[in-house]
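Fold and geometry: a report
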Amino acid sequence: MGVEIAISIAREETRVAVLDNGVVTDLYGDRAKDQDFVGNIYKGRVAKVLPGMQAAFIDIGLEKAAFMHVSDLSMDVEPGDTLVEGDDDDNKDSEVPKPKRQSSKPIEELLSEGQEVMVQISKGPIGTKGSRVTTYVSLPGRYLVFMPTVEHIGVSRRIPRDEERARLKEIMKRARRPGFGYIVRTVSEGVKEEELRSDVEFLHVLWQDVLTKRDQQPAPSLLHSDLSLSFRVVRDLFGRRVDRLLIDSREEYNAIKGFVQRFSPEQTSRIHFYDKEESLFDYLGVEQEIARAMSRKVWLKSGGYLVIDHTEAMTVIDVNTGRFVGKRDQEETILRNNLEAAREIAYQVKLRGIGGIIIVDFIDMEREKNRDKVYHALVDAMSSDKARTRISRVSDLGLIEISRERVREDLLRSLSEPCHYCDGRGYTKSPMSVAYEIFREVRRLGHEIEQQRVVVGAHPAVALLLQEQEQPGVEELERRYSAKILVTPDDRLHLEQFDLVVI
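Residues numbered from 1 in each chain as written. Predicted model: local features only at pLDDT ≥ 70, side-chain atom pairs only at ≥ 80, totals over all residues. Heavy atoms only, no water.

1. Description of the packing of aromatic side chains
- In total, this model carries eight aromatic pairs according to the counting rule given.
- Judged by centre distance (5.2 Å) and plane angle (80°), the ring pair of Phe 231 and Phe 259 falls under edge-to-face. Of this pair, Phe 231 sits in helix α4 (residues 229–237) while Phe 259 is found in helix α5 (residues 250–263), placing the two residues 28 residues apart along the sequence. For the residue pair Phe 231 and Phe 259, the accessibility class agrees, reading buried in each case.
- Members of the aromatic cluster, each reached through a chain of ring pairs, are Phe 146, Phe 180 and Tyr 182.
- Geometry around Tyr 305 places Lys 297 over its ring, the cationic atom sitting 4.5 Å from the centre. (Phe/Tyr/Trp six-rings, centres within 6.5 Å; stacked < 30°, edge-to-face > 60°. Helix = DSSP H or I, 4+ residues; strand = E, 2+ residues; numbered from the N terminus. Buried < 20%, exposed > 50% of the residue type's maximum accessible area, 1.4 Å probe, protein only. Lys NZ or Arg CZ within 6 Å of the ring centre and 35° of its normal.)

As structure tokens, this is what we get:
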């Protein structure tokens, strides 16, 4: 079946799924009301400088000010000195590799409030945080990533043959514009010199257009926006390894086919318009995988399962044997369950886009060699992950710590929001707890309700409990205070809310 890309277009959103032998490996989404701004270039204004954090907030015209650390500031750094030779991985084609040395000056000497600066969004807003920006601008083309603020030529590490890497580097030494930097992307393997030169010229014209807008437009303003999601996917992912590209919009299909025809006409035969009645994502089983990725519990084929919980500080994954009882001794059963869990964890972390600190609680193993097997299985499973990841060894408590770069909002947060009913806690008080709170409130009123009528309005589940199971408690209060207590269900009330009125 090979690698497939599915692009589903609707008025309200564009969704993209990458499948490898029928298994969903990547999901991307872009909603009309919640667009992805990564890659956009702005003329911004410094809103605030924070010397204590060596950072600044930049007003770029969006709802939240963007954050920039001094390490993302190219001022006072000489071109040609900013990249380590060989730091040419294009895993993040839209990001400039980190500088070899930072400015020797503190940020308060480089920036001041009100100063205008050109920046590019390197990381979109996540949770309550605004975008992160950098002055190390990069412009991705079909075959190259153009870096106007650094002077360096790099070749993607994903091109395996040394002779091909050397050929591409020699071509770029001839084709480059002096004073600028370039990274040759993975899709450039085997391309001719004319195609690389064409990309150099196209990106240079694009950069000149950005500079012209910078000089003419006031701050804050947008100087350059990246391609739409569907075109970015075609530009970045639609290479020789992809067997088929499916699009369910005739208009977008024609536009993408024309786009590909200009730079790689031999690949147009692999672009297909999907016109069946069943939706594209249903046809490929993507919707089912999205629902699975939104679930707290993930079942393993063996009968074991994972429980994935998100907290403010980290994501916690618990491994359980569930229905898996094995056929041999207990240690062997636990090892097999943990090995299967390690592969599924790597898949879920990547698919869900989980970033930050991840704690995995594997089932305890007594033998050191088995802990090593689980650790190496997880490392191998995570090796294809494009995000920067660090994995610790299994601790004595059976825990593994993973630190994974946050490259975008994770799937759960992008498709959901905290529960309004429980206020994001994940639980509510039980009806019995609320009923007992009502009893305490009546006792608190004490003699104020003597010879009075007390009307209690409560959620139907609480009211039913008071009228049936806890009716003796209501009667005891009536006798104690010579009062009449009337319980009325009110479905407008939250489970934890109640009204108590003395008439």
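Still more ground to cover, so stick around.
2. Regarding the sheet that holds strand β3 (residues 23–31)
- Taken together, five strands build an open sheet; the order of strands is β3-β2-β1-β14-β15 and the sheet is mixed. Of all the strands in the sheet, just β3 and β15 (271–273) have a single pairing partner and so form its edges. For this sheet, the mean angle separating the axes of adjacent strands, direction not counted, is 15°.
- The strands that α4 touches are β1 (3–9), β2 (13–20), β3 and β14 (242–247); relative to β1, the one it contacts most, it runs at about 165°. (Pairing = 2+ DSSP bridges. Axes fitted to C-alpha atoms, helices over the stretch in contact; angles between N-to-C directions. Contact = heavy atoms within 4.5 Å.)

3. Considerations on the sheet that holds strand β24 (residues 498–502)
- An order of β23-β22-β24 is seen for the three strands of this open sheet, with the pairing classed as mixed. Of all the strands in the sheet, the pair left with one neighbour each is β23 (484–489) and β24. Strand-to-strand twist in this sheet, taken as the mean axis angle between neighbours without regard to direction, amounts to 15°.
- Sheet strands touched by helix α11 (residues 431–445): β22 (453–458), β23 and β24. Its angle to β24, the strand with the most contacts, is close to 25°.
- Where helix α12 (residues 460–467) meets the sheet, its contacts fall on β22 and β23, and the angle it forms with β23 comes to roughly 140°.

4. Here we look at the environment of Leu 139
- You can see Leu 139 is positioned in strand β9 (residues 139–140).
- Along the chain, Leu 139 and Asp 226 lie 87 residues apart, while their C-alpha atoms are 8.7 Å from each other.
- Ignoring any residue separated from it by four or fewer positions in sequence, one finds Leu 139 in contact with Ile 41, Leu 144, Val 145, Phe 146, Leu 203, Leu 206, Trp 207 and His 224.

5. A few points about the pairing of β3
- Sheet topology note: the β2/β3 ladder contains eight bridges and is antiparallel. In the strand pairing of β3, Leu 19 is matched with Val 24.
- Connecting β2 to the antiparallel partner β3 that follows it, the hairpin turn spans two residues, and Asn 21 within it adopts a positive phi of roughly 55°.

6. Focus: the pairing of strand β21 (residues 399–404)
- By the alternation rule, side chains of β21 split into Ile 400, Ile 402 and Arg 404, which are all buried, and Leu 399, Glu 401 and Ser 403, of which none is buried.
- Sheet topology note: the strand β19 (residues 356–361)/β21 ladder contains six bridges and is antiparallel. Paired with Ile 358 across the strands is Ile 402, a residue of β21.
- In terms of strand pairing, strand β20 (residues 389–391) meets β21 through three bridges, oriented antiparallel. For Arg 390, the partnering residue across the bridge sits in β21 and is Ser 403.

7. Some remarks on the environment of Glu 277
- Mapped onto the elements of the fold, Glu 277 is located in the loop between β15 and α6 (280–283).
- Glu 277 sits in the exposed class, given a relative accessible area of 84%.
- For the pair Glu 277 and Tyr 375, spaced 98 residues apart in sequence, the C-alpha separation works out to 45 Å.

8. Observations concerning helix α13 (residues 471–481)
- Taken together, the buried positions of α13 are occupied by Val 474, Leu 477, Glu 478 and Tyr 481. What you see down the axis of α13 is that its buried residues fit within an arc of 100°, all on one side. Exposed side chains of α13 directed beyond 90 degrees from the buried face belong to Pro 472 and Arg 479.
- On its buried side, α13 packs onto α11, α12 and β23.
- Looking one or two residues past α13, Ser 482 carries a phi angle of roughly 50°, positive in sign. (Arc of directions from axis to C-beta.)

9. As for the packing of helix α2 (residues 162–175) against helix α3 (residues 193–216)
- Relative orientation of the contacting elements α2 and α3 amounts to 45°, with a least axis distance of 10 Å. By the angle class used here, α2 and α3 are oblique. Here the hand of the crossing between α2 and α3 comes out right-handed. Note on element contacts: α3 touches α2 through Glu 193, Leu 196, Arg 197 and Val 200, opposite Leu 168, Ile 171, Met 172, Arg 174 and Ala 175.
- The residue makeup of the contact of α2 with α3, split by class, is six nonpolar, no polar and three charged. (Parallel < 35°, antiparallel > 145°, perpendicular 65-115°, else oblique. Left-handed = near helix turned anticlockwise from the far one by under 90°. Nonpolar A, V, L, I, M, F, W, Y, C, P; charged D, E, K, R; others polar.)

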